[in-house]
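Inside the fold
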Amino acid sequence: MVESFPSIKSLAKSLRSRTIGAVELTKEYLKRIKEKDKLIKSYITVTEDIALEQAQKAQKVIDAGDSNLMTGIPIAHKDLFCTKGVLTTCGSKMLSNFISPYDATVVEKLNNVNAVMLGKLNMDEFAMGSSTEYSYYGPTSNPWDIKCVPGGSSGGAAAAVMSDLAVVTTGTDTGGSIRQPAALCGATGIRATYGRISRYGMIAFASSLDQAGVLGRSAEDLAISLASISGHDTKDSTSSRIEVDDYLSIIENSIKGKKIGLPKEFFADGLEPEIETLIQNGISELQRLGAQVKEVSLPNLKLAIPVYYVLAPAEASSNLGRYDGIKYGHRATEVSSLEELYEKTRYEGFGKEVKRRIMIGTLLLTQGYYEKYYQPALRVRTMVCNEFKELFKEVDILLGPTTPGVAFPIGEKQDKDPVQMYLQDIYTISVNLAGLPALSMPVGLVNNLPVGMQIIGPAFSEGLLLNITHQFQQKTDFHKIIPFSVR
């Protein structure tokens with residue numbers, strides 16, 4: 001029997017000592033998925049045969065003495081990473097029959113270190129949403145309260161980790177889609193710097209904002225798994241050539257003397273008082289570890305959401321133009337012309353939120369609106385980037401809440417007021433506009449639901465973010481609390 005919520009290091013030790021075999025470990029996780037995921041619904045596809053085949057291969061590597069820390073570790077992918085021979089649906093009817101002919105680079109890299117893929121995880125359709133309610137396959141539940149959302153769009157990834165249905169999971173973050181569900185589910189999740197992880201084979205929403213990352217229980221697990229998927233990729237023209245740091249070594253460093261900036265806009269009206277109290281407690285713990293704190297300002301933060309909802313829909317409109325019923329994916333039947341095929345396919349294949357964003361984006365790219373909205377949004381984006389650059393001359397990281405509130409009931413915000421759903425990302429979106437790395441870690445519970453604290457760093461400072469989080473988690477137990485529904 002495998003212990004609940006094991007770390008990567010503990011599993012690697014057990015696998016190397018032959019306390020447990022890779023196939024036995026994989027079967028245990030597949031059993032958990034069959035028993036528990038009926039309640040949580042974090043998986044779209046479970047790849048049992050592939051998992052067992054990969055586990056057998058991993059065992060041979062272990063027996064040969066060539067294993068690394070990720071060898072044999074059960075993981076799962078957000079269902080927008082292409083996986084050869086396996087459904088890649090992006091949570092949409094449009095791709096409900098799409099079997100990818102190749103692996104995304106993230107998938108390939110994890111295959112190369114002999115991690116074991118358990119399956120593909122639920123998500124908001126085409127990553128457009130903050131609750132995983134906009135999935136063609138139905139909503140995922142929060143492991144802390146199955147009546148609540150897990151956040152989104154990587155809600156399945158966060159819920160699977162916190163339901164003990166995978167050790168670590170991959171996710172993507174376009175406006176907060178790793179950090180927000182990590183916060184609402186009590187996971188630790190990191191979005192890497194734009195260009196740190198290849199986007200090849202990652203189905204695009206907004207190409208200048210999308211970036212991959214990982215979710216797990218601890219900074220240590222993130223350090224191990226993030227290192228496995230980071231690095232330059234010749235297949236991605238936006239991939240950085242900057243060398244990847246040794247995250248696992250860096251996390252052991254002292255954080256004494258590190259300067260933490262607290263943007264006053266993060267602690268203004270709109271933040272629930274109970275959440276602010278937990279964030280302040282987290283700040284105090286970091287101060288006890290030797291960090292220095294000062295108040296700073298991000299005056300253009302208030303513009304981040306309107307700018308994002310100009311740029312992201314415009315890019316989505318362009319990216320999703322390829323889904324026309326001709327090349328792959330869903331195709332409408334009983335049509336009398338090519339134009340009707342296009343119209344009917346897109347009407348049937350896309351959900352309400354995706355249609356909303358395509359329509360907004362298409363409008364914004366038309367003559368008149370492009371000059372009035374899109375071009376000014378690009379200029380404001382540059383202003384946001386410059387603000388961050390100036391602040392990082394004064395401080396090492398920025399810190400604040402990840403979300404303004406805790407997980408909300410399923411159905412509470414969906415289709416009632418889209419703006420209220422969009423405001424869930426008020427503290428996260430500016431990071432994506434600037435292409436920076438950011439991490440969310442749990443800092444306690446409010447009404448028995450998790451609260452996340454976000455830290456933001458300059459470009460390619462993933463090691464520093466993991467270091468600060470690891471040192472914090474060495475002194476606290478918030479990341480070890482087990483959700484009530486899976487105890």
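Nothing here was measured: the structure is a model prediction, and the numbers come from that model.

Taking 1.5 Å per residue, 16 residues should reach 22 Å; helix H9 (residues 273-288) reaches 23 Å between its end C-alpha atoms and fits that length. Taken as a whole, H9 has its buried residues at Ile275, Leu278, Ile279, Gly282, Ile283, Glu285 and Leu286. Angular distribution of buried residues about the axis of H9 spans 160°; they occupy a single face of the element. For H9, exposure combined with an orientation more than 90 degrees from the buried face picks out Pro273 and Arg288. Considering only its buried residues, H9 is in contact with strand S7 (259-263), strand S8 (292-296), strand S9 (397-401), strand S10 (438-446), strand S11 (449-456) and helix H16 (462-475). In the segment just after H9, Gly290 is the residue with positive phi, at about 105°.

Taken N-terminus to C-terminus, the directions of helix H2 (residues 22-40) and helix H3 (residues 48-63) make an angle of 155°; their axes are 8 Å apart at the nearest point. Looking at the two axes, H2 sits roughly antiparallel to H3. In terms of crossing hand, the pair formed by H2 and H3 is right-handed. Residues Ala22, Val23, Thr26, Lys27, Leu30 and Lys34 of H2 touch H3, and the partners they reach there are Glu48, Ala51, Leu52, Ala55, Gln56, Ala58 and Gln59. Residue composition of the contact of H2 with H3, by class: 7 nonpolar, 3 polar and 3 charged.

The two faces of the sheet receive side chains in turn, since in a regular strand these alternate between them. Buried residues dominate strand S4 (residues 168-173), accounting for 6 of its 6 residues. Side chains Val168, Thr170 and Thr172 of S4 all project onto a buried face; the interleaved residues Thr169, Gly171 and Asp173 project onto the opposite face, where all are buried too.

With that settled, the discussion passes to the sheet that holds strand S2 (residues 74-78). One open sheet holds the 11 strands; their spatial order is S1-S3-S2-S4-S6-S5-S10-S11-S9-S7-S8, and the pairing between them is mixed. The open sheet has two free edges, formed respectively by strand S1 (43-46) and S8, since each of these has just one partner strand. For this sheet the average axis-to-axis angle between neighbouring strands, irrespective of direction, equals 30°. In this fold helix H4 (residues 105-112) packs onto S2, S4 and strand S6 (211-216), with an angle of close to 175° to the strand it touches most, S2.

Further remarks concern the pairing of S2. Burial analysis of S2 places 5 of its 5 residues in the buried class, which makes it a mostly covered element. Direction of pairing for S2 relative to strand S3 (residues 116-121): parallel, over a ladder of 4 bridges. Note on S3: the bridge partner recorded for Pro74 is Val116. In this fold, S2 hands off to H4, which returns the chain to S3; that crossover is right-handed. Where S2 lies against S4, 3 bridges are found, and the strand directions are parallel. Opposite Ala76, over in S4, you have Thr169 as the bridge partner.

On to the pattern of salt bridges. Summed over all chains, the structure comprises 16 salt bridges. Salt-bridge contacts for Glu28 lead to Arg32; the nearest nitrogen and oxygen are separated by 3.3 Å. Of this pair, Glu28 and Arg32 both sit in helix H2, 4 residues apart, roughly one helical turn. On the basis of relative accessible area, Glu28 is assigned to the buried category, the value being 13%. We classify Arg32 as buried; its relative accessible area is 6%. Taken together, the shared-partner salt bridges in this structure form one network comprising Glu28, Arg32 and Asp164.

It is worth spelling out helix H1 (residues 8-16) at this point. Along H1, the residues that are buried comprise Ile8, Leu11, Ala12 and Leu15. Buried residues of H1, viewed axially, fall in a sector of 100°; they line one side. The inward-facing, buried residues of H1 contact H2, H3, S2, S4 and helix H7 (219-229). Positive phi appears at Arg18, one or two residues downstream of H1, with a value of about 65°.

What follows is about the side chain of Ser141. Here Ser141 lies in the loop between S3 and helix H5 (155-162). With relative accessibility at 9%, the residue Ser141 sits in the buried group. One polar contact links the side chain of Ser141 to the main-chain carbonyl oxygen of Ile146, over a distance of 2.9 Å. Not counting residues up to four positions away in its chain, the partners in contact with Ser141 are Leu39, Ile40, Ile146, Cys148, Pro150, Ala159 and Ile410.

As a further point, take the packing of aromatic side chains. Applying the stated criterion across every chain yields a total of 13 aromatic pairs. With a centroid separation of 5.2 Å and 80° between ring planes, the pair formed by Tyr136 and Tyr137 is classed as edge-to-face. Residue Tyr136 is classed as partly exposed on the basis of its relative accessible area, which comes to 46%. A relative accessible area of 34% places Tyr137 in the partly exposed class. Chaining the aromatic ring pairs together yields one cluster made of Phe98, Phe126, Tyr323, Tyr328 and Phe350. Above the ring of Phe5, the side-chain terminus of Arg217 is found at 4.3 Å from the ring centroid. Above the plane of the ring of Phe408 lies Lys413, whose end atom (NZ or CZ) is 5.1 Å from the centre.

Analysis parameters
- Residues numbered from 1 in each chain as written.
- Predicted model: local features only at pLDDT ≥ 70, side-chain atom pairs only at ≥ 80, totals over all residues.
- Heavy atoms only, no water.
- Helix = DSSP H or I, 4+ residues; strand = E, 2+ residues; numbered from the N terminus.
- Expected span 1.5 Å × (residues − 1).
- Buried < 20%, exposed > 50% of the residue type's maximum accessible area, 1.4 Å probe, protein only.
- Arc of directions from axis to C-beta.
- Contact = heavy atoms within 4.5 Å.
- Axes fitted to C-alpha atoms, helices over the stretch in contact; angles between N-to-C directions.
- Parallel < 35°, antiparallel > 145°, perpendicular 65-115°, else oblique.
- Left-handed = near helix turned anticlockwise from the far one by under 90°.
- Nonpolar A, V, L, I, M, F, W, Y, C, P; charged D, E, K, R; others polar.
- Pairing = 2+ DSSP bridges.
- Right-handed = clockwise from strand over helix to strand, strands pointing away.
- Salt bridge = Lys/Arg side-chain N within 4 Å of Asp/Glu carboxyl O.
- Polar contact = N/O pair within 3.5 Å; in protein donor to acceptor, adjacent residues only side chain to side chain.
- Phe/Tyr/Trp six-rings, centres within 6.5 Å; stacked < 30°, edge-to-face > 60°.
- Lys NZ or Arg CZ within 6 Å of the ring centre and 35° of its normal.

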